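Observations on chain architecture
Here is how the chains run, residue by residue.
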Amino acid sequence: MSIRRILTLRKWIPLQTSAEGVWSCQHVVCRLLADTDCSRILSRNFTVSCLKYAKARGVRKKKQLSEKKRTRYFVDQQRVTVTGGKGGDGTCAFHSEPRKEFGGPDGGNGGDGGHVILKVAQQVKSLLGIKSYYRGIDGEAGASKNCYGKNAAHTYLLVPIGTVVKEDGKVVADLSRHGEEYVASYGGLGGKGNRFFLSNENRAPMSATPGEEGEQRVMQMELRTMAHGGLVGFPNAGKSSLLRAISNARPAVADYPFTTLTPHVGVIQYQDFEQIAVADIPGIIRGAHENKGLGISFLKHIERCRFLLFVLDLSTAEPWQQLESLKYELEQYEKGLSERPFCVIGSKIDIPESKANFVLLQEKVKHSRLIPVSALTGENIEELLMHLRELYDGYLEITKIDGSTPVKW
């Protein structure tokens, strides 16, 4: 194939095709001149695979983790040993200079050790990143010529909102606000150099003190979910399905009990840009306050909820007994927990036998707000969202009266 005079800047010119389906091309670059000679054209040969032999590659999507795998990445309690950094040692030195025989002491003090500080970060949602042991940075030692050692930087541990720190079974810190800090262990003070001990009585001190050791503590961290409302109910009552219907959260849903093993938080957004966080608490069984079925590990997440949403399965016989059992377990775990503002939600109203049970439930629960919903058909979901907003507004009014800061998700 002969190359003709080209007036474009860059152009691909196919030359021939091999039997294997490979194209041989030339990349021709020429100058935009009317009298361009073919001998002045720069060319480069290469091969590319034919499109009919290329594999179609789409954008790889990240696979969603199953509930069993997601449980491994959620840690709500951790035992941590923290030790503050050691202070730098003081130095014993004397000034040395020509024609100055008695220069005097000039040993500097050591720097202070770094603290280990717990800091609340809103983007952290679990205690998975917390290790079992932390040690602060040691301070630098002093030097001659009155040089002081550098103070060590502090070590920060990022913890989620709602972390409770216990020591010997007693609560020592309750971290519930973004940016809140708590000093877990203090670093040791730096040692004193011999310059520090200079006095009229002792003009040539020969002593220097070492740096102090950092404070060591063993603490137990517990994470309690910070949400405005909590879905409380027996296993397989429809709590996860309801959370999927009212928010963008996607907890696992199956037809067997204890599908949810860790709390899930869904955020409901309203038109006035207000957000309400609703937590899906794992199923509670009878005797949960005695730690049956890991009850205490589930009940502790309800302590931070400002109002409760009791989810009752209307497809079972006598659903009002579920409400009595749930209130009893909450009251046995913490006195006054069942007296918080609440709403009774009857789930699975789309099932035929649920409607008859709902009529009986209305007779038993007369002084409480009762809303029958169906996560499958979306029945009465809007009514539930409006009532959630009423409970949230009532919580805001209480915080204004108390002068406290409301929790913002």
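That block above? That's the structure.
Computed from a predicted structure; not experimentally measured.

Cut-off values and rules
Residues numbered from 1 in each chain as written. Predicted model: local features only at pLDDT ≥ 70, side-chain atom pairs only at ≥ 80, totals over all residues. Heavy atoms only, no water. Helix = DSSP H or I, 4+ residues; strand = E, 2+ residues; numbered from the N terminus. Buried < 20%, exposed > 50% of the residue type's maximum accessible area, 1.4 Å probe, protein only. Contact = heavy atoms within 4.5 Å. Pairing = 2+ DSSP bridges. Axes fitted to C-alpha atoms, helices over the stretch in contact; angles between N-to-C directions. Polar contact = N/O pair within 3.5 Å; in protein donor to acceptor, adjacent residues only side chain to side chain. Salt bridge = Lys/Arg side-chain N within 4 Å of Asp/Glu carboxyl O.

1. Section: the overall build of the chain
- For the chain, the count of helices and strands is six helices and 17 strands.
- Across the 409 residues in the chain, those meeting the buried criterion constitute 43%.
- Sequence separation of 24 or more characterises 70% of the internal contacts of the chain that already satisfy a separation of 6 or more.

2. Let's talk about the sheet that holds strand β8 (residues 163–167)
- With respect to topology, five strands assemble into an open sheet ordered β6-β4-β11-β8-β9, the strand pairing being mixed. Two strands lie at the open edges of the sheet, namely β6 (133–135) and β9 (170–175), each paired on one side alone. When strand polarity is set aside, the average angle formed by the axes of neighbouring strands in this sheet is 30°.
- The pairing of strand β4 (residues 77–83) with β6 spans three bridges and is parallel. Paired with Val 82 across the strands is Tyr 134, a residue of β6.

3. A word on the side chain of Ser 354
- The topology assignment puts Ser 354 in helix α5 (residues 352–364).
- By relative accessible area, which is 0% here, Ser 354 ends up buried.
- Within the local environment of Ser 354, its side chain forms a polar contact with the backbone oxygen of Lys 348, the two atoms lying 2.7 Å apart.
- Sequence-distant contacts of Ser 354, that is, excluding residues within four places in its chain, are made with Leu 314, Ser 315, Lys 348 and Ile 349.

4. Focus: the pattern of salt bridges
- A complete count under the given rule lists eight salt bridges for this structure.
- Of the charged contacts in the structure, one is a salt bridge between Lys 348 and Asp 313, with a shortest N-O distance of 3.3 Å. Of this pair, Lys 348 sits in the loop between β16 (342–347) and α5 while Asp 313 sits in strand β15 (residues 307–313), placing them 35 residues apart in sequence.
- Asp 393 is the partner of Arg 389 in a salt bridge, and the nearest nitrogen-oxygen pair spans 3.1 Å.

5. Quick look at unusual backbone geometry
- In the Ramachandran plot, Asp 168 falls in the positive-phi region, its phi being about 60° despite a non-glycine side chain.
- With respect to the helices and strands, the residue Asp 168 is situated in the loop between β8 and β9.
- In this model, Phe 273 sits at a positive phi of 65°, which is unusual for a non-glycine residue.
- Looking at the secondary structure, you find Phe 273 in the loop between β13 (264–269) and β14 (275–280).

6. Remarks on the sheet that holds β14
- Sheet architecture is open: six strands sit in the order β13-β14-β12-β15-β16-β17, paired in mixed fashion. A strand with exactly one partner marks an edge of an open sheet, and here the two such strands are β13 and β17 (370–372). Pairwise comparison of adjacent strand axes, ignoring direction, gives a mean angle of 25° for this sheet.
- Of the strands in this sheet, β12 (229–232), β15 and β16 are in contact with helix α4 (residues 320–333), which crosses β15 at around 140°.

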